[in-house]
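# Coordinate inspection notes
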Amino acid sequence: SSLPRAHILRSTYLLPTQVRSPCLVRPSYFKTYFHTHRIIMSTAKPYVVFVLGGPGSGKGTQCANIVRDFGFVHLSAGDLLREEVNSGSKHGTMISDMIKNGQIVPAEVTVGLLGTAMEKSPVKKFLIDGFPRNADNHECWVRLMGSTVDTKFILYLDCPEDIMEQRLLKRGESSGRIDDNIASIKKRFQTFVSQTVPVVQGYEKTGTVHHVVADTTPEKVYEQISKIFAGL
C-alpha cells in the first residue's frame with residue numbers, strides 16, 4: 001500500500017522510550033527507504049566514535065590502524081553508499097548523481113545503511129567515518145539512534161586543503177572512484193566547509209572532539225591517534 005505524503009517512522013524494533021522523537025521522512029524518492037532498511041539494535045549499546053575530516057585527510061587509512069590495534073569495526077558512510085549504488089537498487093542512480101555532484105545524501109538513507117551494518121556485526125565497537133556530514137545527519141542520528149548507541153566523541157583529522165587535493169588526485173589515478181576528479185573534489189571541499197565543519201564545531205561545545213594534525217605522514221598521524229585510543 002502507498003505511504004501517506006508525510007510518513008512518520010517509528011521502528012517496530014525500537015521501544016518507544018528508545019526514540020526521543022520520530023524522524024520525519026520527507027516526501028521524496030527516499031520515503032520508503034526504511035521499509036527495506038530497518039534499524040534493528042540489540043539490548044547492548046554499541047560504542048561509536050565518529051571519524052571526520054576533509055576529503056583526503058586520511059580517514060580510511062587511520063581507521064584501518066585503529067581496527068588493527070583496538071578491535072573496532074570500521075564503517076565508512078561513503079563506502080556503504082557506494083555499495084548501495086553498485087547493488088543495482090532503485091536508489092542507486094540518485095545516490096550516484098548526488099555523490100558526483102559533491103552533495104550529501106539524505107540522512108534517512110545513510111542512517112538506515114549504518115544501522116543495518118551495525119546490527120549485522122558481532123563486534124559492537126564502531127568507527128563511523130564520513131558521518132555526520134551535516135546538521136540533518138546529526139539530528140536524524142540523535143533521533144533514531146541516540147538512546148540505543150553510546151556515541152563517545154569525534155576524531156577530527158585536520159588537514160590543509162592543498163594537501164588533501166594532492167592526495168585525492170594521486171588516489172584518483174587508480175581508485176576508479178567517480179568523485180576523485182578535480183571538479184568533484186572542489187565541490188566536496190565546499191560542502192565539507194559549509195556543512196560538516198559546523199557540526200564539528202557543535203560537538204566542540206560539549207568537549208567531545210579530539211583534534212589530530214593530519215598533514216604529515218600516516219605514521220606520525222597515527223602516533224597522535226593511538227594515544228587517544230590507548231587512554232579510553
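This text follows the structure it describes.
Residues numbered from 1 in each chain as written. Predicted model: local features only at pLDDT ≥ 70, side-chain atom pairs only at ≥ 80, totals over all residues. Heavy atoms only, no water.

Attention now moves to the environment of Phe229. In this structure, Phe229 sits in helix α8 (residues 218–230). Sequence spacing of Phe229 and Phe70 is 159 residues, and the spatial spacing of their C-alpha atoms is 7.5 Å. Filtering out sequence-adjacent residues up to four positions away, Phe229 remains in contact with Val49, Ile66, Phe70, Phe72, Leu127, Phe153 and Leu155. (Helix = DSSP H or I, 4+ residues; strand = E, 2+ residues; numbered from the N terminus. Contact = heavy atoms within 4.5 Å.)

We now examine the pairing of strand β6 (residues 150–158). Relative to β6, strand β3 (residues 47–53) is paired through seven bridges, and the arrangement is parallel. Following the sheet pairing, Leu52 is matched in β6 by Tyr156. Sheet topology places β6 next to strand β7 (residues 209–213); five bridges connect them, and they run parallel. By the bridge assignment for β7, Ile154 is matched with Val209. (Pairing = 2+ DSSP bridges.)

Hydrogen bonds between backbone atoms are what pair the strands of a sheet, whose relative direction is either parallel or antiparallel. A sheet is described by the order of its strands in space; here five strands give the open sequence β4-β5-β3-β6-β7, paired in parallel fashion. Taken across any chain shown, the strands that pair with only one partner, and hence form the sheet edges, are β4 (73–76) and β7. On average, each strand axis in the sheet is tilted by 25° relative to the strand beside it, whichever way the strands run. Pairing of β4 with strand β5 (residues 125–129), which is carried by four bridges, proceeds in the parallel orientation. Considered in β5, the bridge of Ser76 is made with Asp129. (Axes fitted to C-alpha atoms, helices over the stretch in contact; angles between N-to-C directions.)

Counting residues in hydrophobic clusters, the biggest one holds 33 residues, and the most contacted among them are Val48, Phe50, Met118, Ile128, Phe131 and Trp141. The element that contributes the greatest number of residues to this core is helix α4 (residues 107–120), accounting for seven residues. Not counting residues up to four positions away in its chain, the partners in contact with Trp141 are Val48, Phe50, Val111, Leu114, Met118, Ile128, Phe131, Gly146, Val149 and Thr151. Val51, Leu157, Met164 and Phe229 belong to the second largest nonpolar core, which has 21 residues in total. (Core = buried A, V, L, I, M, F, W, Y, C linked by side-chain atoms within 4.5 Å. Buried < 20%, exposed > 50% of the residue type's maximum accessible area, 1.4 Å probe, protein only.)

What follows is about helix α6 (residues 161–172). Because an α-helix completes one turn every 3.6 residues, residues spaced three or four positions apart along the sequence face the same direction. The end-to-end C-alpha separation of α6 is 16 Å, in line with the 16 Å expected for 12 residues at 1.5 Å each. Of the surrounding secondary structure, the elements contacted by the buried residues of α6 are α7 (182–204). (Expected span 1.5 Å × (residues − 1).)

Our focus in this paragraph is the pattern of salt bridges. Two side chains of opposite charge can pair, provided their charged atoms sit close to one another. Scanning the entire structure with this criterion turns up nine salt bridges. Residues Arg68 and Asp69 are paired through a salt bridge, measuring 2.9 Å at the closest nitrogen-oxygen approach. Overlapping salt bridges bring together Arg171, Arg177, Asp179, Asp180 and Arg188 as one network. (Salt bridge = Lys/Arg side-chain N within 4 Å of Asp/Glu carboxyl O.)

On inspection of all chains with the given rule, the structure shows nine aromatic pairs. On the basis of an interplanar angle of 65° and a centroid distance of 5.7 Å, the ring pair of Tyr47 and Phe72 is categorised as edge-to-face. Of this pair, Tyr47 sits in strand β3 while Phe72 sits in the loop between α1 (59–70) and β4; the two residues are 25 residues apart in sequence, bridging distant segments of the chain. (Phe/Tyr/Trp six-rings, centres within 6.5 Å; stacked < 30°, edge-to-face > 60°.)

So, about the packing of helix α2 (residues 77–86) against α4. Two elements in contact, α2 and α4, have axes separated by 10 Å at closest approach and are oriented at 95°. As the angle between them shows, α2 and α4 are arranged roughly perpendicular. Contacts between α2 and α4 pair Ala77, Leu80, Leu81 and Glu84 from the former with Val109, Thr110, Leu113, Leu114 and Ala117 from the latter. (Parallel < 35°, antiparallel > 145°, perpendicular 65-115°, else oblique.)

The next subject is the side chain of Thr196. Note that Thr196 resides in helix α7. Residue contacts for Thr196: discarding those within four places in its chain leaves Leu52, Pro132, Arg133 and Thr191.

On the secondary structure map, Arg188 appears in helix α7. The exposure class assigned to Arg188 is buried, which follows from its relative accessible area of 9%. There is a polar contact of 2.9 Å between the side chain of Arg188 and the backbone oxygen of Asp179. Filtering out sequence-adjacent residues up to four positions away, Arg188 remains in contact with Pro55, Gly102, Leu168, Arg171, Arg177, Asp179 and Asp180. (Polar contact = N/O pair within 3.5 Å; in protein donor to acceptor, adjacent residues only side chain to side chain.)

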